[in-house]
There are 2 protein chains.
Amino acid sequence: MCRLNALYMIGRAGSGHIGSSFSSLDIVSWLLLEEMTGDDVYFSSKGHDAPGYYAALIGAGTLDFELTHKLRQIDGLPGHPDIGTPGMVTNTGSLGMGVSKAKGMAIANRLKNRPGRIFVMTGDGELQEGQFWESLVSAANFGLQEITVIIDHNKLQSDTFVKNVSDLGDLEAKLRAFGWCVARCDGNDIAAFAATLTAIQDDPRPKVIVADTVKGKGVSFMEHTSLDSDVAMYRFHSGAPDASNYRAAAQEIMDRLQANLSGAGITALEFETLERPASAAPSEKAQRLVAAYSKALIAQAEKHPNLVALDADLVLDTGLIPFREQFPDRFVECGIAEQDMVSTAGGMALNGLLPIVHSFACFLSTRPNEQIYNNATEKTKIIYVGSLAGVVPGGPGHSHQSVRDISALAAMPGMTLVEPSCDAEVGLLLDWCVNEAPGSSYIRLISLPWEIPYSLPADYRPTNGRGLTLAEGKDVAIIAYGPVLLSNAIAASKVLAEKHGISAKVINLPWLNHVDAEWLQSTVSACKAVVCLDNHYVIGGQGDAIARALAEAGSGIPVKHIGITEVPPSGTNVQVLGAVGLDASAIAETVASVFG
Amino acid sequence: MCRLNALYMIGRAGSGHIGSSFSSLDIVSWLLLEEMTGDDVYFSSKGHDAPGYYAALIGAGTLDFELTHKLRQIDGLPGHPDIGTPGMVTNTGSLGMGVSKAKGMAIANRLKNRPGRIFVMTGDGELQEGQFWESLVSAANFGLQEITVIIDHNKLQSDTFVKNVSDLGDLEAKLRAFGWCVARCDGNDIAAFAATLTAIQDDPRPKVIVADTVKGKGVSFMEHTSLDSDVAMYRFHSGAPDASNYRAAAQEIMDRLQANLSGAGITALEFETLERPASAAPSEKAQRLVAAYSKALIAQAEKHPNLVALDADLVLDTGLIPFREQFPDRFVECGIAEQDMVSTAGGMALNGLLPIVHSFACFLSTRPNEQIYNNATEKTKIIYVGSLAGVVPGGPGHSHQSVRDISALAAMPGMTLVEPSCDAEVGLLLDWCVNEAPGSSYIRLISLPWEIPYSLPADYRPTNGRGLTLAEGKDVAIIAYGPVLLSNAIAASKVLAEKHGISAKVINLPWLNHVDAEWLQSTVSACKAVVCLDNHYVIGGQGDAIARALAEAGSGIPVKHIGITEVPPSGTNVQVLGAVGLDASAIAETVASVFG
């Protein structure tokens, strides 16, 4: 039943992680319903199996059933765990932190003389993160036997088989060498799992169970064991299944449920049919910056034989599949190991390559932050490309909303940060980073397909620190970057004109950490005010570079910063942009209220 | 001879790492002089054994002998490796990156069809960093047999014995489980090391040699084996020996050298005696903020039983020894595992403790940057304390000069960043962070003893976002924080008055990421200009918060930012402050030239 509810939740939300919700769900259900007492806690370190856990929490009565309709809604259940949800004890979604968190909880319990076991679920791809191994050491040295880690060893990570991405080798030997009590069982066999827990319960060491599971368990065509072992891409890691897969999966689960209930002499379940909510499928006119990047990267790679691309298990989402196909020798898959990837790129650059390093912006800018700085001190040239930048998509929640990457990278000496505003600017800016930038750079990419109400002049070429006026206006200059901000700024300028009689100029400034002061002065001087939009926390965003330039010039023109000021919510894109004040109407209201 | 030169270099510089220079020096010499060909490279991942390696490079003729007099001088040899020095192939000093760097070099060599082995020295304490384990995986999967890692297993890390800080357990079993070819030998026995290298040379896997060494090898009273195994602190990890230890050590090495030469029938060496340079010992009036912090922490801990302190192998440098003695149960030693430490603190805070997390500012703000954000999204209360903040001490070089921590942390939602200006303000700000701050905070501590030419009013209490005028003036308002900046600002204000006829107000603003706009406006409005000093990169420093507040008010008062703009050099404190334009005369010159 949990599987059916998890499937429904993901289908309705339009996104979510079915494969790993299903692989871990037998264990999660057992723990919640049979094993844990009031003192015990459970959490998932990987976090993207949240829909399965929510379904179990709903089954256990901790969460209200109505929430099944509200996965990834702003007033519902976040895409990844957040402690605002009953039953969630810690925020997860960025990988490798779970055992460390559990240790902190255990030490606190001991200091406060509180009992309680701590069960932590991890992924297997997650074990590629160095923090996992870092965290094992003191757990063993401190003898934290109250911690039980369960590795949901479903053999697949984001893109494909773990062994093809970054083989774990002899996992049990590794874990034993780190001083943990290690057991192994079939993680989709509840009896076997329960027996394993019992067998190790008195061991004085922290415990880890390698649970062999099937990704997508419970729906025949979603089970990874139905795939050939050389399959390039497992289709049910993330995202919602299409309508026909959805119906087939639901039917298979419902049939099995009815058969099981009937076998147990229990009345058959009744199922309700709901209208599928109107799809928010992107318009045909939407531009896809990641796809544009794929093409632009290949064009540069054809010209530069020393260009290599590095990936951290996001080959699909970062647009690297065409590159990998065309230049297999120049593609390096690093696994979910961002620190290692960045320092590897550093070594490559020292030896004459031009490395281009890829991951989601939230991870790339922060997990290997010290490693990026170390590279920067060597003054080599490396290009970092962070996709999934900004506050939308809003579904995954704060672990994936990259709204702190500009601040985390802006002070890197010699590094230029850019964000393209449309397909055409992707290629122009990559070209600038490869061929003109004196040092390293960071390209911030919006991953959402986005309909863009402006276009760049045919002869437009990016000039460091200088922007481009997309819409003329005389009262207020709105400066922004990227398709999400700029399209909302254009729309806001129309609201301002029609509703408030304010004439707003909209400027695309793709340079995030450097502003040409002379250009800025000449562009805004005729206006009465400047508005800086940031798809980022206000602190450390592009607005700070603008304010610095204006302050140095003593311009006296009043500036309003509009951006994120607190942890953004998880929700639909429309909900989240509205909540953080970055949709067109919120922008217009703020501008009118400050400068009206 | 290398040992003697390394000892001399460290003695003359007044700081450096003798213990680990000596433990690794037999291996380093052998590699450089006997093993490596022109295609091979060597580097040390730990990097603080640089003086020993410099001595070997001087012996090999790669570096000029005159550089022995210039360790940690701006025109000499940096405290940690920098590729600006011949013989240095990568920048190190922040731990755990070496194997990743080597992999990048190896992959680049293969792509370019270049031969060459890569030898990487690591520490043993360094193995506590997760990146080390993260980096082993793909080296094994890619079969990078050209990489040989040598673990300088001298059994001691920064503070004391590795086994007491964070026991490595069965190190060989761990390394084998990660798929590497593992060998072990006496690392101070050149013949044994050479034989080990030969024995494993044809193994198709990447290779690691666990080299059992003696920390301080070659000077009897510096050898760790002369200590009891329960000694709390090894005295020759960092810093220069005092005069009497220096003379005794030099004499012991010289005597052995002469005996060896004599035994080999070689003419005895002649030694030159140089005058010891005037000591730059801190004045008796110098304030010690870390010591003040130690006391303030204990005062808070006595009031708050839920307060716990976490350390990452810097118990001496972060001032935690008194706390550990008084509250052993509330002290958690995490080893060199900053990511783990921060997430452990997160778990503690969730379970009702008030964790105070300690490390050097350079490491604490960046290595666990994503982990700090994860904690911030949970809205618990955690205090992070970064010592060794700022551009001085200048000796250790860029890996340790924390001039990017404000930018790296300023956008953390709910987090307040503060830097105390003197002993008295340390306690006041810690008190604010513990008792008044609504959320988490970061205390940025200058570690250098510093003579401070101002004092705070007896009734001064910190108010969030508001500063304190230390010296009155009417033309220019200089806003700064911390003892290094403020003492130079006070001195600069005197130069400005005497030499340029400019009257400068000096303001202590201990709040680094939030400025009270009303206070700011009223404090600077009578001045013709504002100068923001940052012991930090200009981008993302306190100056950005000030510029943002002034721009929002449309003040029109011109602002000049003075701070760091490129990777700072390694050198004496005087040299480095001058080079980055933050000593009194440079500040005065800049202010006069901009606003004179």
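Residues numbered from 1 in each chain as written. Chains lettered and ligands numbered in written order. Predicted model: local features only at pLDDT ≥ 70, side-chain atom pairs only at ≥ 80, totals over all residues. Heavy atoms only, no water.

Quick word on the overall build of chain A
So, point 1. The number of helices and strands found in chain A is 21 helices and 16 strands.
So, point 2. Against the globule reference of 25 Å for 596 residues, chain A gives a C-alpha radius of gyration of 25 Å, in line with a compact fold.
So, point 3. For chain A, the spread of C-alpha atoms along the three principal axes comes to 75 × 55 × 50 Å.
So, point 4. By residue count, 66% of the 596 residues in chain A fall in the buried class.
So, point 5. Long-range pairs, those at least 24 residues apart, make up 79% of the contacts in chain A between residues at least 6 apart in sequence.
So, point 6. Accessible surface, chain A: about 19500 Å² in total, of which carbon and sulfur atoms supply 51%.
So, point 7. Charge-centre separation for chain A: the mean point of 44 positive side chains lies 3 Å from the mean point of 65 negative side chains. (Helix = DSSP H or I, 4+ residues; strand = E, 2+ residues; numbered from the N terminus. Rg over C-alpha atoms; globule rule 2.2 N^0.38 Å. Buried < 20%, exposed > 50% of the residue type's maximum accessible area, 1.4 Å probe, protein only. Contact = heavy atoms within 4.5 Å. Areas by Shrake-Rupley, 256 points an atom, 1.4 Å probe, with all protein chains shown as cover. Lys, Arg positive; Asp, Glu negative; His and termini not counted. Charge placed at Lys NZ, Arg CZ, Asp CG, Glu CD.)

A short note on the sheet that holds strand β11 (residues 441-444) of chain A
Residue and element names in this part refer to chain A.
So, point 1. Across the sheet, six strands lie side by side as β7-β6-β8-β9-β11-β10; this open sheet has parallel pairing. Only two strands of the sheet have a single neighbouring strand rather than two, namely β7 (331-333) and β10 (416-418). Strand after strand, the sheet turns through a mean of 20 degrees between neighbouring axes, direction not considered.
So, point 2. In terms of strand pairing, β10 meets β11 through three bridges, oriented parallel. Across the sheet, the residue bridging to T416 is S441, located in β11.
So, point 3. Strands in contact with helix α10 (residues 289-303) are β6 (307-311), β8 (354-360) and β9 (383-387); relative to β8, the strand with the most contacts, it is inclined by about 165 degrees. (Pairing = 2+ DSSP bridges. Axes fitted to C-alpha atoms, helices over the stretch in contact; angles between N-to-C directions.)

Describing helix α18 (residues 517-524) of chain A
All names here are of chain A.
So, point 1. Every buried residue of α18 is listed here: W519, L520, T523 and V524. Looking straight down α18, one finds that the buried residues subtend no more than 105 degrees of arc, so they occupy a single side. In α18, those exposed residues whose orientation departs by more than 90 degrees from the buried face are E518 and S522.
So, point 2. Among the structural elements, β12 (468-471), β13 (476-480), β14 (504-508), β15 (529-537) and α19 (542-553) are those in contact with the buried residues of α18.
So, point 3. You can read the cap of α18 off the contacts: a side-chain oxygen lies 3.0 Å from the backbone nitrogen of E518, and it is on D516. (Arc of directions from axis to C-beta. Polar contact = N/O pair within 3.5 Å; in protein donor to acceptor, adjacent residues only side chain to side chain.)

Points about the packing of helix α1 (residues 2-13) of chain A against helix α9 (residues 243-263) of chain A
Residues and elements named next belong to chain A.
So, point 1. Running from N to C, α1 and α9 point in directions that differ by 160 degrees, and their axes come no closer than 10 Å. Comparing the axis directions of α1 and α9 gives the class roughly antiparallel. Helix-helix and strand crossings are classified by hand; for α1 and α9 the assignment is left-handed. Contacts from R3, L4, L7, Y8 and G11 in α1 reach Y246, A249, A250, I253, M254, R256 and L257 in α9.
So, point 2. Split by residue class, the contact of α1 with α9 holds nine nonpolar, one polar and two charged. (Parallel < 35°, antiparallel > 145°, perpendicular 65-115°, else oblique. Left-handed = near helix turned anticlockwise from the far one by under 90°. Nonpolar A, V, L, I, M, F, W, Y, C, P; charged D, E, K, R; others polar.)

So, the interface of chain B and chain A
So, point 1. Opposite the 99 residues of chain B that make contact, chain A presents 99 residues.
So, point 2. Between chain B and chain A, roughly 7900 Å² of surface is buried when both sides are summed, and carbon and sulfur atoms account for 56% of that area.
So, point 3. Counting the surface chain B buries against chain A, the share from its top three residues, E134, E370 and R404 of chain B, is 10%.
So, point 4. K101 of chain A is the partner of E378 of chain B in a salt bridge, and the nearest nitrogen-oxygen pair spans 2.9 Å.
So, point 5. Inspection of the region where chain B meets chain A yields 52 residue pairs in polar contact (both at pLDDT 80 or more).
So, point 6. Taken together, the residues that form the side of chain B that touches chain A break down as 39 nonpolar, 35 polar and 25 charged. (Buried area = accessible area lost by both parts, 1.4 Å probe. Salt bridge = Lys/Arg side-chain N within 4 Å of Asp/Glu carboxyl O.)

A look at the pairing of β8 of chain A
Residues and elements named next belong to chain A.
So, point 1. With seven of seven residues buried, β8 is to be regarded as a mostly interior element.
So, point 2. With five bridges connecting them, β6 and β8 associate as parallel partners. Across the sheet, residue L307 finds its bridge partner in β8, namely L354.
So, point 3. Across five bridges, β8 lies against β9 in parallel orientation. In the strand pairing of β9, I356 is matched with I383.

Digging into the sheet that holds strand β16 (residues 559-564) of chain B
Residue and element names in this part refer to chain B.
So, point 1. Here we have five strands laid out as an open sheet, ordered β12-β14-β13-β15-β16, and mixed in their pairing. Edge positions in the open sheet fall to β12 (468-471) and β16, since each of these has one partner strand only. For this sheet the average axis-to-axis angle between neighbouring strands, irrespective of direction, equals 25 degrees.
So, point 2. Alignment of β12 against strand β14 (residues 504-508), held across three bridges, turns out to be antiparallel. From the neighbouring strand, T469 faces β14, where its bridge partner is I507.

Notes on the domain arrangement of chain A
One frequently used descriptor of interface size is the decrease in accessible area upon assembly of the parts.
Residue and element names in this part refer to chain A.
So, point 1. You can read the domains of chain A as domain 1 (2-262), domain 2 (289-444) and domain 3 (468-594).
So, point 2. Here the C-alpha centroids of domain 1 and domain 3 sit 42 Å apart.
So, point 3. The partner domain 3 presents six residues to the five residues of domain 1 that form the contact.
So, point 4. Buried surface at the junction of domain 1 and domain 3, summed over both partners, amounts to about 440 Å²; 54% is from carbon and sulfur atoms.
So, point 5. Together, R72, Q73 and I74 form the three largest contributors to the area buried by domain 1 at its contact with domain 3, with a combined 84%. (Domains from an automatic or database assignment.)

A few points about the relation of the copies chain B and chain A
The pair of chain copies shares a relation made of a rotation about an axis and a shift along it.
So, point 1. Superposition of chain B onto chain A requires a rotation of 180 degrees combined with a translation of 0.0 Å along the rotation axis, giving an RMSD of 0.0 Å. When the rotation and shift are considered jointly, the pair of chain copies conforms to a two-fold rotation axis. Considering only C-alpha atoms, the residue of chain B closest to the rotation axis is G556 of chain B, which sits at 1.6 Å.
So, point 2. The overlap is high: 100% of the interface residues of chain B also sit at the interface in chain A, so the same surface is used on both sides. (Least-squares fit on C-alpha atoms with pLDDT ≥ 70 in both.)

Things to note about the pairing of strand β4 (residues 181-186) of chain A
So, point 1. Relative to strand β5 (residues 207-212) of chain A, β4 of chain A is paired through six bridges, and the arrangement is parallel. Its bridge partner lying in β5 of chain A, V182 of chain A is registered against V208 of chain A.

Overview of the pattern of salt bridges
If the charged atoms of two oppositely charged side chains come close together, the side chains can form a pair.
So, point 1. Taken as a whole and assessed by the stated rule, the structure comprises 46 salt bridges over all chains.
So, point 2. Here R466 of chain A and D516 of chain A are joined by a salt bridge, their closest N and O atoms 2.9 Å apart. One end of the pair, R466 of chain A, is in the loop between β11 and β12; the other, D516 of chain A, is in the loop between β14 and α18, and 50 residues separate them in sequence.
So, point 3. Among the ionic contacts, a cluster of salt bridges with common partners joins K155, E172, R176, R184 and D212 of chain B.

Let's talk about helix α12 (residues 338-350) of chain A
What sets the pattern is the α-helix's 3.6 residues per turn: residues three or four places apart point alike.
All names here are of chain A.
So, point 1. Across its 13 residues, α12 extends 18 Å between first and last C-alpha, which sits within 8% of the 18 Å expected from 1.5 Å per residue.
So, point 2. Of all 13 residues that make up α12, 12 are buried, and the element is covered over most of its length.
So, point 3. Those residues of α12 not exposed but buried are E338, Q339, D340, M341, V342, S343, T344, A345, G346, G347, M348 and A349.
So, point 4. Count one or two residues on from α12 and you reach G352, which has phi positive near 95 degrees. (Expected span 1.5 Å × (residues − 1).)

Let's talk about the UniProt feature "domain: Transketolase-like pyrimidine-binding" (unreviewed entry) in chain A
So, point 1. Mapped onto this numbering, the UniProt entry annotates "domain: Transketolase-like pyrimidine-binding" (unreviewed entry) at residues 287-451 of chain A.
So, point 2. Segment residues 287-451 of chain A splits into 40% helix and 16% strand. End C-alpha atoms: 6 Å apart. (UniProt positions renumbered as here; feature names shortened; annotations may be inferred.)

Regarding the nonpolar core
So, point 1. Core analysis: the biggest nonpolar cluster contains 246 residues, and F323 of chain A together with F323 of chain B have the highest contact counts within it.
So, point 2. Apart from residues lying up to four places away in sequence, F323 of chain B is in contact with L297, I298, A301, L307, V308, A309, P328, R330 and F331 of chain B.
So, point 3. Within the second largest apolar cluster, 52 residues are counted, among which are L127 and V162 of chain A together with I118 and A139 of chain B. (Core = buried A, V, L, I, M, F, W, Y, C linked by side-chain atoms within 4.5 Å.)

Points about the state of the cysteines
Residue and element names in this part refer to chain B.
So, point 1. Under the definition given, this model contains zero disulfides over all chains.
So, point 2. Free of any disulfide, C181 has its nearest neighbouring cysteine sulfur in C185, separated by 12 Å.
So, point 3. Assessed through its relative accessible area of 8%, C185 is described here as buried. (Disulfide = S-S within 2.5 Å.)

Re the packing of aromatic side chains
So, point 1. This model, assessed by the stated rule, comprises 21 aromatic pairs over all chains.
So, point 2. Arranged with centres 5.2 Å apart and planes meeting at 55 degrees, the rings of W133 of chain A and F178 of chain A form a pair that is tilted. Of this pair, W133 of chain A sits in helix α5 (residues 130-141) while F178 of chain A sits in the loop between α7 (171-177) and β4; the two residues are 45 residues apart in sequence, bridging distant segments of the chain.
So, point 3. Residue classification places F178 of chain A among the buried positions, given a relative accessible area of 3%.
So, point 4. Three or more aromatic residues joined by ring pairs form one cluster here, namely F132, W133 and F178 of chain A together with F132, W133 and F178 of chain B. (Phe/Tyr/Trp six-rings, centres within 6.5 Å; stacked < 30°, edge-to-face > 60°.)

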